[in-house]
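These are the residues of each chain, in order.
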Amino acid sequence: MSEMVVAAVVMIVLAGAAVYAVSRSRMNPGKTETAKPARSNVISMEGHRRAKQNATEQLCSSCRKKNGKLIFYAQDDGSVVGLCKDCKAKAKKRDMLPL
Ligand SMILES: [Zn+2]
């Protein structure tokens with residue numbers, strides 16, 4: 001289960017990086033634009049949408065309920081948990097870092 005959470009987080013981070021790169025290249029329409037194939041935009045948007053879907057469909061790692069979008073936190077041992085908005089308060093008390 002935790003491996004699935006990690007995979008989802010990796011997808012979200014990658015999608016976020018892709019969106020950041022796309023928005024940056026849009027802001028600077030210069031040399032980087034011609035170097036990029038147009039197809040990569042389509043793929044990254046698709047990946048972003050899927051990552052967003054995953055985040056809303058996954059169970060909370062703490063209460064095991066589908067409780068809307070999860071917030072992901074890194075634990076001391078390096079593992080990652082996705083917590084719903086109700087369990088977010090517990091994570092804050094444990095000084096966990098949001099990803
Ligand atoms: Zn929860």
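Quick summary incoming for the structure in this document.

Criteria and cut-off values
- Here, residues in each chain are numbered from 1, in the same order as that chain's written sequence.
- With pLDDT at 70 or above as the cut-off, local features in this predicted model cover only qualifying residues; side-chain atom pairs require 80 or more to be listed or tallied, and sums for whole chains, interfaces and linings still use all residues.
- Only heavy atoms go into the side-chain values, all of them from the structure, while hydrogens and water stay out.
- The helix count covers DSSP runs of H or I at least four residues long, the strand count covers runs of E at least two residues long, and both are numbered beginning at the N terminus.
- A simple rule labels every residue: compare its accessible area, found with a 1.4 Å probe on the protein chains alone, to the largest value its type can have, and call it buried under 20%, exposed over 50%, or partly exposed in between.
- By definition, two strands form a pair when at least two bridges between them are found by DSSP.
- Residue contacts follow a heavy-atom distance rule, with two residues in contact if any of their heavy atoms lie within 4.5 Å.
- To get an axis, a line is fitted to the C-alpha atoms, and for a helix only the part in contact is used. The angle between two axes follows their N-to-C directions and goes from 0 to 180 degrees.
- Coordinating donors are taken as N, O and S atoms within 2.8 Å of the metal, stretched to 3.2 Å for Na, K and Ca; because water is absent from the atoms, sites can appear incomplete.
- Key to geometry: four donors with every angle between 85 and 135 degrees are tetrahedral; four donors are square planar and six octahedral where opposite donors lie over 155 degrees apart and all remaining angles lie between 65 and 115; all other sites are irregular.
- Expected span of a helix: the number of residues minus one, times 1.5 Å.
- Residues belong to a common nonpolar core when they are buried Ala, Val, Leu, Ile, Met, Phe, Trp, Tyr or Cys residues joined through side-chain atoms within 4.5 Å.

### Looking at unusual backbone geometry
Step number 1: The phi angle at R64 is positive, at roughly 60°, despite the residue not being glycine.
Step number 2: Note that R64 resides in the loop between helix 3 (39-57) and strand 1 (71-74).
Step number 3: One non-glycine residue, D95, lies in the positive phi region at around 60°.
Step number 4: Among the structural elements, D95 can be located in the loop between helix 4 (88-93) and strand 3 (97-98).
Step number 5: D95 gets classed as exposed once you look at its relative accessible area, which sits at 63%.

### Observations concerning the sheet that holds strand 1
Step number 1: Sheet architecture is open: 3 strands sit in the order 2-1-3, paired in antiparallel fashion. If you trace the sheet from one side to the other, it starts and ends with strand 2 (80-83) and strand 3, each paired once.
Step number 2: Where strand 1 lies against strand 2, 4 bridges are found, and the strand directions are antiparallel. In the strand pairing of strand 2, I71 is matched with L83.
Step number 3: Sitting on the sheet, helix 1 (residues 2-27) touches strand 1 and strand 2, and the angle it makes with strand 2 is about 80°.

### Remarks on the coordination of the zinc ion
Step number 1: Coordination of the zinc ion by the protein is provided by C60 (SG), C63 (SG), C84 (SG) and C87 (SG), with metal-donor distances spanning 2.2 to 2.3 Å.
Step number 2: Viewed at the metal, the 4 donor atoms of the zinc ion are separated by angles of 105 to 116°, and the geometry they form is tetrahedral.
Step number 3: Mapping the donors of the zinc ion onto the primary sequence yields the spacing C-x2-C-x20-C-x2-C. Of this pair, C60 sits in the loop between helix 3 and strand 1 while C84 sits in the loop between strand 2 and helix 4, placing them 24 residues apart in sequence.

### What about helix 1?
Step number 1: Here helix 1 contains 26 residues, and its C-alpha end-to-end distance of 37 Å stays within 8% of the 38 Å for a straight helix at 1.5 Å per residue.
Step number 2: Inspection of helix 1 places V5, A8, V9, A15, V22 and S25 among the buried residues, and these make up the whole buried set.

### Side note on the nonpolar core
As a rule of thumb, soluble globular proteins bury nonpolar side chains together.
Step number 1: Membership of the largest hydrophobic core comes to 13 residues, with the highest contact counts inside it found for C60, F72, Y73 and L83.
Step number 2: If you list the elements that add at least two residues to this core, you get helix 1, strand 1 and strand 2.
Step number 3: Top contributing element to this core by residue count: strand 2, with 3 residues.
Step number 4: Those residues in contact with C60 that lie beyond four places of it in its chain are K65, L70, G82, L83, C84 and C87.

### Considerations on the side chain of Q58
Step number 1: Among the secondary structure elements, Q58 is positioned in the loop between helix 3 and strand 1.
Step number 2: Its relative accessible area of 9% is what places Q58 among the buried residues.
Step number 3: Contact partners of Q58, with chain neighbours within four places excluded, come to M4, V5, A8, K65, K66, L70 and F72.

### Notes on the environment of A8
Step number 1: Looking at the element boundaries, A8 is found in helix 1.
Step number 2: Taking the C-alpha atoms as reference points, A8 and G82, 74 residues apart in sequence, are found 9.5 Å from one another.

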